[in-house]
Amino acid sequence: MIVEVIVDVSAYPIDRPFDYVVPEELETLVERGSRVHVPFGPRKVQGFITNIKEQTDLDISKLKAIHSIIDVEPVMTEELLQLSKWLTNKTLCYEIDALQVMLPAALRATYKKNIKLVDSSALDADFLALFGKKEVVSYEAIEKAGLLRAMKKYLSDGAVQLETVIKQHAKAKTIAKYKVTADKEFIVEQLNSLTKQAVKQKELIEWLLKQEQTSFTMKQLTELANATNSTVKAILEKGILEKETEEVYREITSLDYQDIDKRFELTDEQTEALTKINHAQEYAENTTFLLHGITGSGKTEIYLNAIEHSIVNGKQAIMLVPEISLTPQMTRRFKLRFGDQVAVMHSGLSIGEKYDEWRKIWRGEVKVVVGARSAIFAPFKDLGIIILDEEHESTYKQDDNPRYHARDVAIWRGEYHQCPVILGSATPSLESYARASKGVYSLLKLKMRAKEQALPTVNVVDMRAELKNGNRSMFSVDLADAVRDKLEKKEQIVLFLNKRGFSSFVLCRDCGTVVECKQCDISLTYHRAGEQLKCHYCGHEEPVPTKCPECNSEHIRFFGTGTQKVEEEIAKLFPYARVLRMDVDTTRAKGAHERILKQFGDGEADILLGTQMIAKGLDFPNITLVGVLNADTTLHLADFRAAEKTFQLMTQVSGRAGRHDKEGQVYIQTYTPEHYAIELSKSQLYEPFYHTEMLTRKQYGYPPFYYLTLVQVTHENVLLASEYAKLATDWLRANLSSTTMVVGPTASAISKIQNRYRYQCLIKYKKEPLLIEKLQQLIKMYRTDWIKKGVILTIDLDPSTII
DNA sequence: AGCACGCCGACT
DNA sequence: GTCGGCGTGCTC
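Reference entry: report on the structure contained in this document. For clarity, every value in this text was computed on a predicted model and none was experimentally measured. (Residues numbered from 1 in each chain as written. Chains lettered and ligands numbered in written order. Predicted model: local features only at pLDDT ≥ 70, side-chain atom pairs only at ≥ 80, totals over all residues. Heavy atoms only, no water.)

**Overview of the sheet that holds strand 24 (residues 541-543)**
In step 1: If you walk across this open sheet you meet the 3 strands as 22-23-24, and the pairing is antiparallel. For this open sheet the edge positions go to strand 22 (525-527) and strand 24, each flanked by a neighbour on one side alone. Across this sheet, the average inter-strand angle for adjacent strands is 30°, counted without regard to direction.
In step 2: As defined by bridge partners, strand 22 adjoins strand 23 (residues 532-534) across 3 bridges and the pair is classed as antiparallel. The residue bridging Thr525 from the neighbouring strand is Lys534, located in strand 23. (Pairing = 2+ DSSP bridges. Helix = DSSP H or I, 4+ residues; strand = E, 2+ residues; numbered from the N terminus. Axes fitted to C-alpha atoms, helices over the stretch in contact; angles between N-to-C directions.)

Encoded structure:
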């Protein structure tokens, strides 16, 4: 028997199956999708069996044999094996990376180098001392002792050997259980034959005889029966108790919210949407629904009901959220509704915890997984529904290999299982809404807020006017007044500081003009070196103007704001306010998000100051004021999605205010109040925004009218980076269809990261059947030649950002 | 990728 | 002479 194995080596020439012989004693154990250990060159690596066959094209005597099989049952289902092939081709990654990404980190191997003693007589005393009584010693220990040189010599002499040990992370947590297995007569007999000194043993045996249960932990025995370690041990030896280790799941502790599951009565709109979804479930229709519901329209309640329907039919469900540790409130609702049937998967869990949750899914012990991006690979065998909440979020796209989008995987799995996929959002991505308009997705709309609250009043504050009136602070007079008012009323305030974009732009503080590229409709990026403005789409360059091209004002300069500065200003303006800060710095620790949110929810602070991350899922009754300090930062990102992102962010942020009985107020500060993304987000006018934005996208050839692929070339040397970027661009231009546009090469917006210069080329196409094939050829050229010169080439199909 | 093999300069 | 530098080539 021969198996094809994809080995755990991420390198171009290794990215194909390798054939191995299966030793006879393992033949009954091999299955597609199981992990194996195999010899590979001089070392030993982990791999996946992807095929079983009887014949090989190679000389069978040259084949090596599998070393061992790790899994009794395969970790990859047949479906996931197929999915990995699709993923490999779709994202142009190594097959091994596609396989690994579907498993929890605990099932990925790590490798350790050990030195094994062969002939101790050939070693000098220093070296031999390292071994002590052991046969092997770790490579690190030798390195630490500074004996690497000696080791190399002994290696070539054959006095020691190098061996690679594959370390497994996956450890099930176990506890020891003590069980009464002997029959009663035997126990009584043992009891009577105890010596008189054995008082404690006598007590324990008598206690055990009185108990109904027969299995105890050591903790129970010491606490309840007042036994000690040695007494238990003595009884164990007599055969009265038997020790067994039992697997347990790690307990995931979360903060305790004293809550009960509230079922809301559905509105007519909600019922209608749910009926359509459930109909698709009943008839196994593989429909993708776009659930477009304004903030507070009760999308979560629909998700809960649809999933419940799935469970009742004996099927499973995947519920994806952008990043779950940010939305503890969402998880809580699922836990409350479905209890033990829910597994939770997010980055806040330890490797062991993730492994436990994964096993619950794999064993079919849970019916629902609520999780971030990678939960889309949950090894369920009979999916009834897949849901992506906030489908427009860019966190669904992984930004390193494999560069997959969870939405694409969801649709693939929906097709495989013949089940509906739901994409939910208050502000759908333009791609999804366009597909819904064309009838590719089925559109479901929720236009009303579930509890009939009014939308918050949104005030757009013109910061140009503030400047004219001599207010140079970051708080406009109106916002400052509102904050003071809410502080007095003991209501809560959320202040939102747009993260400073990766790139900076130049803005006129008098008229709000931002200098843009005339060909690409993208803000020009400010480069300090040479005081230049550059377009990283087409390469256009111009000097930084000293006067505003629109109004001739001299108040034109590059724009950006720091978090500390805001905190200082708050302290100055509102000295009595209690402020909680939530950004990357304050949320690094495990569970920090949840803690900060709980503190705020419990009323321990008046103001929550934060970045991007507070825009989602925050739902507290006492928040009545939301302030956006600088709406312009996202608006002028050097990215064609800048307006879309701004609209989404403004809408989400506004949605945080007044979700309950109290009326909400929102202040948005900006230098460009007339911009449609800001203007239209005031009343959550999604459709007008969609149509306006679509015109721009069409005019400049961006998605959803064109697909994009980003090819990036980096090198330590500027000249080589640009030279190879040009080679790649020219080659693509020559080899792709004439209808495809190949733009560039240009310097990336961040022109240098970690001492590597970055150049890029953008491919725009409506239909390009040759694309994958040609990109694969390009990769081949790169791997065989360029890589030796230190060039790194990355390809991102449907990039989430082109910065 | 990671390891062995092999072919040349700088030392004991 | 030998140690050890890294260029080259292979991994079922």
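Further notes follow.
**Examining empty space enclosed by the protein**
In step 1: Across all of its chains, the model carries 1 cavity of 30 Å³ or more by this definition.
In step 2: Estimated volume of the largest cavity: approximately 40 Å³.
In step 3: Around the largest cavity sit His536, Tyr537, Leu710, Val743, Thr746, Gln760, Cys761, Leu762 and Ile802, which together line it.
In step 4: Listed by contribution, the elements that provide at least two residues to the lining of the largest cavity are strand 31 (741-753) and strand 32 (756-765).
In step 5: The dominant element in the lining of the largest cavity, judged by the number of residues it contributes, is strand 32, at 3 residues.
In step 6: Its residues placed into classes, the lining of the largest cavity shows 6 nonpolar, 3 polar and no charged. (1 Å grid on protein atoms, 1.4 Å probe; cavity = no way out; pocket = protein on both sides within 12 Å on 5 of 7 lines; lining within 4 Å. Points joined across faces, edges and corners; volume = space filled by probe spheres on them. Nonpolar A, V, L, I, M, F, W, Y, C, P; charged D, E, K, R; others polar.)

**With respect to the packing of aromatic side chains**
For any two aromatic rings, the description comes down to two numbers: the centre-to-centre distance and the angle of the planes.
In step 1: In total, this model carries 19 aromatic pairs according to the counting rule given.
In step 2: Arranged with centres 5.1 Å apart and planes meeting at 90°, the rings of Phe18 and Phe40 form a pair that is edge-to-face. Residue Phe18 is located in strand 2 (residues 18-21), and its partner Phe40 is located in strand 3 (residues 35-40); the two are separated by 22 residues in the primary sequence.
In step 3: Of the residues examined, Phe18 reaches a relative accessible area of 18% and is grouped as buried.
In step 4: Here Phe40 falls in the buried class, since its relative accessible area comes to 12%.
In step 5: Above the ring of Phe18, the side-chain terminus of Arg16 is found at 4.4 Å from the ring centroid. (Phe/Tyr/Trp six-rings, centres within 6.5 Å; stacked < 30°, edge-to-face > 60°. Buried < 20%, exposed > 50% of the residue type's maximum accessible area, 1.4 Å probe, protein only. Lys NZ or Arg CZ within 6 Å of the ring centre and 35° of its normal.)

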